[in-house]
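Each chain is listed here by its residues.
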Amino acid sequence: MSEDVFIVGAGIHPFGRTPGLSGLQQGVFAVRQALERAGLAWRDIQFAFGGSDAAGNADTMVSELGLTGIPFINVANGCATGGSAMFGAYSTIKSGEFDIGLAVGFDKHPRGSFSPLPGDWGLPDWYGETGLMLTTQFFAMKIQRYMSLHGITPHTLGAVAEKAFSNGVLADHAWRREAVDIDTILHSQMVSDPLTKFMFCSPGEGAVALLLASGRKARELGLPAVRLRAAAVRTRPQGSFEVFSPALDLERGGSPTSVASKAAYEMAGVGPEDIDIAQLQDTEAGAEIMHMAENGFCADGEQTAWIAEGRTRIDGSLPVNTDGGCLACGEPIGASGLRQVYENYVQLIGQAGARQAPGKLRLGYSHVYGAPGVSAVAIVER
């Protein structure tokens, strides 16, 4: 019999830059915070899934947390590392094997842009020599094409970034906690046309830990909890156009996001119209716009009206990236997807503080996307 799965606790190390503290130590901080808030000890945890991209193997955390002999699985899946770690923990509890476990992600990236090498991704050297391994170039090309097809303007890109920084001011864990007006955003240094420097997220540091439990264990603990209705991870289908794709197929297909989104909705038995709050991958401002449609919340081109009317603001009909998303928090790869779920967890249990979305929130949606075309989606319910 498959088990219901609940998130019964969460911890977070602030995102940004933390000199003198390793990424792994930030992960330990997040785990200890989650345990303390739940009134649990490390010895109570039966298994763990965790990962990072640049800060070491997550399983080595046991040297600081305690040598209890638990199974600890390392996860590496690009920007979807955190979402994949949670998928592993979710599946383990759903199978009935264990009652309580951990999903943790952390990272500590060096300053500057990510610098992937073509050979590591199965690509020829020329792909890097043309500049396409630099993700700022790829994302700019992708949103340029989308803007041309669907009438999106630079002003709408700027409005997305302005919202992100405004929300980040209200989030204790955010890196960028200063509002930036839209004129400054639009007229700041151009990085890759049409995206200015305030429209991109930055590699950074941070950590998130989530405690997952079976329904029986959740009832026993009696803690504020949200039910994990769905957790889906999918790779790119034929015809999709993704990071590190050397060509665009004439016969277009879906995207890993659209495939993962469909799977998650079916798993949860809900549709996009039922979602009360959403956290969407916003590596840059254009990504949030495209992912609004790919996750089913609106049709291509409708984003302009949605954003102009304030529907995605904290007090809007569908708040999106209520803690500022990657634009305000930065992107420590291993932690980023779990940060989204953390944000939905605190929103649904009414503990989001100054950024708390109004009304009774029942369903929260999170989505992460990364190279070379992988997406993770989770739906939680209060």
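Residues numbered from 1 in each chain as written. Predicted model: local features only at pLDDT ≥ 70, side-chain atom pairs only at ≥ 80, totals over all residues. Heavy atoms only, no water.

(A) Main features of the overall build of the protein. A count of helices and strands for the protein gives 13 helices and eleven strands. Whereas a compact globule of 382 residues would reach a radius of gyration of roughly 21 Å, the protein reaches 19 Å, a difference of no more than 12%. Its C-alpha atoms put the protein at 55 × 45 × 40 Å along the principal axes. Expressed as a percentage of the 382 residues in the protein, the buried residues total 59%. Long-range contacts, defined as pairs at least 24 residues apart, comprise 75% of the intrachain contacts of the protein with a sequence gap of at least 6. In the protein, which carries 29 positive and 40 negative side-chain charges, the distance between the mean positions of the two groups comes to 5 Å. (Helix = DSSP H or I, 4+ residues; strand = E, 2+ residues; numbered from the N terminus. Rg over C-alpha atoms; globule rule 2.2 N^0.38 Å. Buried < 20%, exposed > 50% of the residue type's maximum accessible area, 1.4 Å probe, protein only. Contact = heavy atoms within 4.5 Å. Lys, Arg positive; Asp, Glu negative; His and termini not counted. Charge placed at Lys NZ, Arg CZ, Asp CG, Glu CD.)

(B) Region of the structure containing the packing of helix α5 (residues 135–150) against helix α10 (residues 285–294). Put simply, α5 and α10 touch, their axes get as near as 10 Å, and they point 55° apart. Taken together, the axes of α5 and α10 lie oblique to each other. In this structure, α5 meets α10 at a crossing whose hand is left-handed. Note on element contacts: α10 touches α5 through G286, I289, M290 and A293, opposite K142, I143 and Y146. Grouping the constituent residues of the contact of α5 with α10 by class yields five nonpolar, one polar and one charged. (Axes fitted to C-alpha atoms, helices over the stretch in contact; angles between N-to-C directions. Parallel < 35°, antiparallel > 145°, perpendicular 65-115°, else oblique. Left-handed = near helix turned anticlockwise from the far one by under 90°. Nonpolar A, V, L, I, M, F, W, Y, C, P; charged D, E, K, R; others polar.)

(C) Summary view of the side chain of H367. Topologically, H367 is positioned in strand β10 (residues 363–370). Overall, H367 belongs to the buried group, its relative accessible area being 0%. The contacts of H367, once residues within four sequence positions are left out, are T257, Q279, L280, Q281, H291, N295, Q340, S375, A376 and V377.

(D) Main features of the layout of surface pockets. Roughly 940 Å³ of internal volume is contained in the largest pocket. As for the largest pocket, its lining consists of 45 residues, of which S113, F114, C201, S202 and P203 are closest to the centre. Where the lining of the largest pocket is concerned, the elements lending two or more residues are α5, α12 (325–329) and β10. If you tally residues by element for the lining of the largest pocket, the top one is α12, at four residues. Among the residues forming the lining of the largest pocket, the class breakdown is 25 nonpolar, twelve polar and eight charged. Of the volumes computed, that of the second largest pocket is approximately 330 Å³. (1 Å grid on protein atoms, 1.4 Å probe; cavity = no way out; pocket = protein on both sides within 12 Å on 5 of 7 lines; lining within 4 Å. Points joined across faces, edges and corners; volume = space filled by probe spheres on them.)

(E) View of the UniProt feature "domain: Thiolase C-terminal" (unreviewed entry) in the protein. As annotated in UniProt, the feature "domain: Thiolase C-terminal" (unreviewed entry) corresponds to residues 256–380 in the numbering used here. The span residues 256–380 shows a helical share of 40% and a strand share of 14%, and its end C-alpha atoms are spaced 20 Å apart. (UniProt positions renumbered as here; feature names shortened; annotations may be inferred.)

(F) Structural view of the sheet that holds strand β3 (residues 72–74). The sheet built from nine strands is open, its strands ordered β3-β2-β4-β7-β1-β8-β11-β10-β9 with mixed pairing. Across the chains shown, the open sheet's two edge strands, defined by having one partner strand only, are β3 and β9 (277–279). Adjacent strand axes in the sheet meet at a mean angle of 20°, parallel and antiparallel pairs treated alike. Contacting β1 (5–16), β4 (100–108) and β7 (205–214), helix α1 (residues 23–38) runs over the sheet at an angle of about 140° to β1. (Pairing = 2+ DSSP bridges.)

(G) Just the nonpolar core, in detail. One finds L157, I275, F297, Y365 and I379 to be the most contacted residues of the largest nonpolar core, which totals 46 residues. Looking at this core, the element that brings in the most residues is helix α6 (residues 154–168), giving six residues. When neighbours within four sequence positions are excluded, I275 is seen to be in contact with Y265, F297, L318, L363, Y365 and I379. The next biggest cluster of nonpolar side chains, apart from the first, holds 38 residues, and it includes A174, Y345, L348 and A378. (Core = buried A, V, L, I, M, F, W, Y, C linked by side-chain atoms within 4.5 Å.)

(H) View of the packing of aromatic side chains. This model, assessed by the stated rule, comprises nine aromatic pairs. Note on W126 and Y127: the rings are 5.9 Å apart at their centroids and 75° apart in plane angle, and the pair reads as edge-to-face. Each residue in the set F47, F49 and F98 is aromatic and connected to the rest through ring pairs, giving one cluster. Note that R176 overlies the ring of W175, its terminal NZ or CZ placed 3.8 Å from the centroid. (Phe/Tyr/Trp six-rings, centres within 6.5 Å; stacked < 30°, edge-to-face > 60°. Lys NZ or Arg CZ within 6 Å of the ring centre and 35° of its normal.)

(I) Representation of the pairing of strand β2 (residues 48–51). By the alternation rule, side chains of β2 split into A48 and G50 and F49 and G51, which are all buried. Bridge count for β2 against β3 is three bridges, and the pairing is parallel. Directly across from F49, in β3, lies its bridge partner I73. Relative to β4, β2 runs parallel, the two being bridged by four bridges. Bridging from a neighbouring strand, F49 pairs with A103 of β4.

(J) Structural view of the pattern of salt bridges. Under the defined criterion, the tally for this structure stands at 17 salt bridges. Close ionic contact of R177 with D172 constitutes a salt bridge, the shortest N to O distance being 3.7 Å. For R177, a relative accessible area of 39% translates into the label partly exposed. Put simply, E381 and R229 hold a salt bridge, and the shortest N to O gap is 2.9 Å. You can see E381 sitting in strand β11 (residues 374–381) and its partner R229 sitting in strand β8 (residues 226–235), a full 152 residues away along the chain. The two residues E381 and R229 agree in class, both being buried. (Salt bridge = Lys/Arg side-chain N within 4 Å of Asp/Glu carboxyl O.)

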